[in-house]
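Spelled out from the first residue to the last, the chains are:
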Amino acid sequence: MKEKKVLLTERTHFCGDLGLSDVGREVKVYGWVHRRRDHGGVIFLDLRDRTGLIQLVVDREENPEEFIKAEKIRPEYVLEVEGLVRKRPAGTENPNLPTGEVEVKIKKLTVLSVSKTPPFEIEDDINVEESVRLKYRYLDLRRPSMIGNLILRHRITSEIRDYLNRYQFIEVETPYLTKSTPEGARDYLVPARLNPGRFYALAQSPQLFKQILMVAGVERYYQFARCFRDEDLRRDRQPEHTQVDIEMSFVSKEDIFELVEGLMERAFTVSGYRIKVPFKRLTYEEAMLRYGTDKPDLRYGLEISDLTEIFTESDFRVFRDVVALGGCVRGLKAEASFSRSQLDEITEWAKGQGARGLVWLVQEDEIKSPVAKFFSEIEKEELKKRLDFRRGQTVFLMAGRETEVAELMGLLRAKLADELGLIRTDEYQLIWVTDFPLFGYDEETKTYFSFHHPFTRPTIETVSLLDRDPLKVKAEAYDLVVNGVEVAGGSLRIYQPEVQKKVFSLLGLSNEEAQRKFGFLLEAFEYGVPPHGGIAIGLDRLVMILAGRKTIRDVIAFPKTQSAYCPLTGAPDEVDDEQLKELHLKKR
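Reading guide: rules and limits
- Every chain is numbered on its own, with residues counted from 1 as its sequence reads.
- In keeping with the model being predicted, local features are shown solely for residues with a pLDDT of at least 70 and side-chain atom pairs are shown and tallied solely at 80 or more, while totals for entire chains, interfaces and linings include all residues.
- The basis for every side-chain value is the complete set of heavy atoms in the structure, and neither hydrogens nor water enter the calculation.
- Working definition: helices are DSSP H or I runs of at least four residues, strands are E runs of at least two. Numbering for both runs from the N terminus.
- Working definition: with a 1.4 Å probe on protein chains only, accessible area under 20% of the residue-type maximum means buried, over 50% means exposed, and in between means partly exposed.
- Any two residues whose heavy atoms approach within 4.5 Å are treated as being in contact.
- For accessible areas, the Shrake-Rupley method is used with a probe of radius 1.4 Å. Any residue's cover is judged against the shown protein chains and nothing else.
- Under this rule, positive means Lys or Arg and negative means Asp or Glu; His and the chain ends count for nothing.
- Positions of charges follow a simple convention, taking NZ of Lys, CZ of Arg, CG of Asp or CD of Glu.
- Surface patches are drawn from residues lacking salt bridges whose relative accessible area is over 30%; two like charges belong together within 9 Å, two nonpolar side chains (Val, Leu, Ile, Met, Phe, Trp, Tyr) within 5 Å.
- Salt bridge, as used here: a side-chain nitrogen of Lys or Arg that lies within 4 Å of a carboxyl oxygen of Asp or Glu.
- Any two strands are treated as partners once DSSP identifies two or more bridges connecting them.
- Note on geometry: axes are lines fitted to C-alpha atoms, helical ones only across the stretch in contact, with angles between N-to-C directions running from 0 to 180 degrees.
- Sulfur atoms of two cysteines make up a disulfide when they are within 2.5 Å.
- Helices are assigned an expected span. That span is 1.5 Å times one less than the residue count.
- Values of bend correspond, residue by residue, to the angle between axes fitted over the seven residues ending at that residue and the seven starting there.
- For this quantity, the arc is that covered by the directions from the helix axis to the C-beta atoms.
- Think of it this way: a Phe, Tyr or Trp ring, Trp meaning its six-membered ring, pairs with another when their centres are within 6.5 Å, and the plane angle makes it stacked under 30 degrees, edge-to-face over 60, tilted otherwise.

### Section: the overall build of the protein chain
Step number 1: Summing up its helical and strand segments, the protein chain has 16 helices and 23 strands in all.
Step number 2: For the C-alpha atoms alone, the extent of the protein chain along its principal axes is close to 95 × 75 × 55 Å.
Step number 3: A total of 588 residues make up the protein chain; the buried ones form 48% of that total.
Step number 4: Long-range pairs, those at least 24 residues apart, make up 66% of the contacts in the protein chain with a sequence separation of at least 6.
Step number 5: Summed over its atoms, the accessible surface of the protein chain is roughly 30,800 Å², and 49% of this surface lies on carbon and sulfur atoms.
Step number 6: Taken as two groups, the 89 positive and 98 negative side-chain charges of the protein chain have centres that lie 2 Å from each other.

Laid out in structure tokens, this is it:
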């Protein structure tokens, strides 16, 4: 009776739950035929459900009627089976299967549904084009690893909900259909039939609504929010994604760090991993200098060094001229030697990434390089000292504008780590990146832009620079990076109306434009705003990392391709003229 109550059907067990403790028990199981093996007078069927496999057996002499049925069964048929659990004969056990010590002797077999031959085998590690897998996603999800990803995702979301509920958070849903207020990506627009000529936008994030919830006195909010962004796709982006959206009133950054570290600790534990808390921290400037990216992977070294001072008076004009114009020289040491052809390949790769040049130095009896003759002995000695440059090692140098060199050296660092096999796949390095700039500057348009978003609070120490030197203003912003992937980002928010208006002004928004786009937020700020802040955790990316996958498409039930197309449904698709007419639209 207890099992029936749990399973809610006549089914007594899931296939993967059967074991030695069930020997001698009459059971009823359901599932798909994974494999059929005919041994003459005995037929074996592997029955699969989402929990695993169980071997079924039917003997022609003992049960001729069910044996005849079993002869006609093919892979992916759906069965209902009643039988007796028994121990497998000695020597026939399958140690690679959790249920490998038992089998079910069929008493009654019912075919509930037949299947065509699938376009690919329902096995892990199959070599099938992703477009085919996505077209037949219902078959792809039957594979153990894929259904396992969805189960892991469910367990992580359940754990997160439980964790936040214990901290007295309230789960609140915010609208998908909202006002177009671009936040860095293009909006998906939805025509409003009842308001001709007007459009909703699918929410890129719940940012403004969650801030308004803080004004409303909710104080602690979370939501598994669906977010929609019309941007170019890659392995960790989709047109729609899910984020664990969190906002709190009366908090500091330290409060948010503590909350999220505990949440991550729980999520990793559910996935079978232990992580250390508190997490390491790096400022944005440190990350860019040492690793060439604000999303550094700390599973390996290959740190970048600033060597600009060494070459201020160098005879190597390329470096000297760059430094004179305000540029920099950065170096990276690899504890490995490379052949000349490998060094040439790396140099050409760097040029392909946009580098104007890449200098390499090899330490043997002396430093060797095509440009070594231009380096003074003092410069060579400084390189040895600064980089601990030793025999059998290679140093790569690059000069140019600071932002460009940082990015390119970061790419080189990742390439070398991959080629040298330095990336440890069984390790997780979680770090906070903090102290971001509040603004960036676009040289082409000569305008400021928000480094994160325009609702990010300036630090108390730098807020006075808004009027004098905006690029030196620091943000109360923070990102959480796991193995080089940004899995969460957040900030403390502006809650003083005058500061918010100032930020809008620096971003080039007139008072009228700010009112048109964000007037509802500014008006809410006139009715008592608590200091507040929060974070958004990319659930798809987090599960991808914990499942050991390379793309978020493997942890989303029905993803789109890199061209934002769904092979399963054929979306996006054309619509007929009558639908367009109802929406007051015409094809051009």
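So much for the structure itself; the text now carries on.
### Regarding a negative patch on the surface
Step number 1: Side chains of D576, D577, E578 and E582 sit close together on the surface and give a patch of like negative charge.
Step number 2: According to the relative accessible area criterion, D577 is exposed, its value standing at 55%.

### Describing the sheet that holds strand β10 (residues 220–228)
Step number 1: Taken together, the 8 strands give an open sheet; going across it, the order is β6-β10-β11-β23-β22-β21-β18-β12, and neighbouring strands pair in mixed fashion. At either end of the open sheet lies a strand with only one pairing partner, and these are β6 (170–171) and β12 (280–283).
Step number 2: With 7 bridges connecting them, strand β11 (residues 240–249) and strand β23 (residues 532–538) associate as antiparallel partners. Counterpart to D245 in the pairing with β23 is A536.
Step number 3: Those strands touched by helix α7 (residues 253–270) are β11, β12, β18 (430–434), β21 (477–482), β22 (485–492) and β23, and its axis lies near 25° from that of β23.
Step number 4: Of the strands in this sheet, β12 and β18 touch helix α8 (residues 284–291), which is tilted by about 85° from β12.

### Here's the deal with the sheet that holds strand β16 (residues 367–368)
Step number 1: Across the sheet, 5 strands lie side by side as β13-β14-β17-β15-β16; this open sheet has antiparallel pairing. Looking along the sheet, the strands with just one partner apiece sit at the ends: β13 (304–306) and β16.
Step number 2: Where β13 lies against strand β14 (residues 328–334), 3 bridges are found, and the strand directions are antiparallel. Within β14, the residue paired with I304 across the bridge is L332.
Step number 3: Across the face of the sheet, helix α9 (residues 317–324) comes into contact with β14, β15 (359–363) and β17 (394–400) while running at roughly 45° to β17.

### Observations concerning the state of the cysteines
By definition, a disulfide is the covalent link that joins the sulfur atoms of two cysteine residues.
Step number 1: By the definition in use, this model includes 0 disulfides.
Step number 2: As a non-bridged cysteine, C566 has C227 as the owner of its nearest cysteine sulfur, 20 Å distant.
Step number 3: Assessed through its relative accessible area of 7%, C566 is described here as buried.

### A look at helix α14 (residues 511–524)
Step number 1: Taking 1.5 Å of rise per residue, the 14 residues of α14 would be expected to cover 20 Å, yet its terminal C-alpha atoms sit only 16 Å apart, more than 12% below that figure.
Step number 2: F518 marks where α14 bends most, by close to 90°.
Step number 3: For α14, the set of buried residues is A514, K517, F518, G519, L521, L522 and A524.
Step number 4: Close packing links the buried residues of α14 with α6 (207–215) and α13 (497–506).

### Details of the pattern of salt bridges
Step number 1: In this structure the tally under the stated criterion is 59 salt bridges.
Step number 2: Among the salt bridges present, the one from R36 reaches D38, with a minimum N-O distance of 3.5 Å.
Step number 3: When its relative accessible area of 24% is taken as the criterion, R36 is described as partly exposed.
Step number 4: The closest approach of N and O atoms between R390 and D388, which form a salt bridge, is 3.0 Å.
Step number 5: For D388, a relative accessible area of 37% gives the class partly exposed.
Step number 6: Each of D124, R133, R137, D140, R143, R549 and D554 takes part in salt bridges that share partners, so that together they form one network.

### Comments concerning helix α11 (residues 377–387)
Step number 1: Turning to α11, its buried residues number three or more, namely E379, K380, L383 and L387. Projected down its long axis, α11 shows its buried positions confined to an angular sector of 100°, all on one face. Across α11 from its buried face, at more than 90 degrees, point the exposed residues E377, I378 and K385.
Step number 2: Looking at the buried side of α11, the elements it contacts are β13, β14, β15, β16 and β17.
Step number 3: A positive phi of about 50° marks D388, the residue just after α11.

### A few points about the packing of aromatic side chains
Step number 1: Going through the model one piece at a time under the given rule, you end up with 25 aromatic pairs.
Step number 2: Plain terms: the ring middles of F316 and F374 are 5.8 Å apart, the flat faces sit at 25° to each other, and that makes the pair stacked. Taken together, the residues span a long stretch of sequence, with F316 in the loop between β13 and α9 and F374 in the loop between β16 and α11 at a distance of 58 residues.
Step number 3: Residue F374 is classed as partly exposed on the basis of its relative accessible area of 35%.
Step number 4: Three or more aromatic residues link up through ring pairs in this structure, and these residues are F311, F316, F319, F374 and F375.

### Examining the environment of V359
Step number 1: Considering the arrangement of structural elements, one finds V359 in strand β15.
Step number 2: Beyond its immediate sequence surroundings of up to four residues, V359 is in contact with F316, F319, S369, V371, V395, F396 and L397.

### Side note on unusual backbone geometry
Step number 1: That bond from V277 to P278 is cis: its omega, -5°, falls within 30 degrees of zero.
Step number 2: Here the amide bond leading from A571 into P572 is cis, since omega sits at 0°, within 30 degrees of zero.
Step number 3: Position of P572 among the secondary structure elements: in the loop between α15 (539–546) and α16 (577–582).
Step number 4: With a phi close to 55°, K446 is a non-glycine residue in the positive phi region.
Step number 5: Mapped onto the elements of the fold, K446 is located in the loop between β19 (439–442) and β20 (447–450).

Keep in mind these numbers describe shape, not what the thing actually does.
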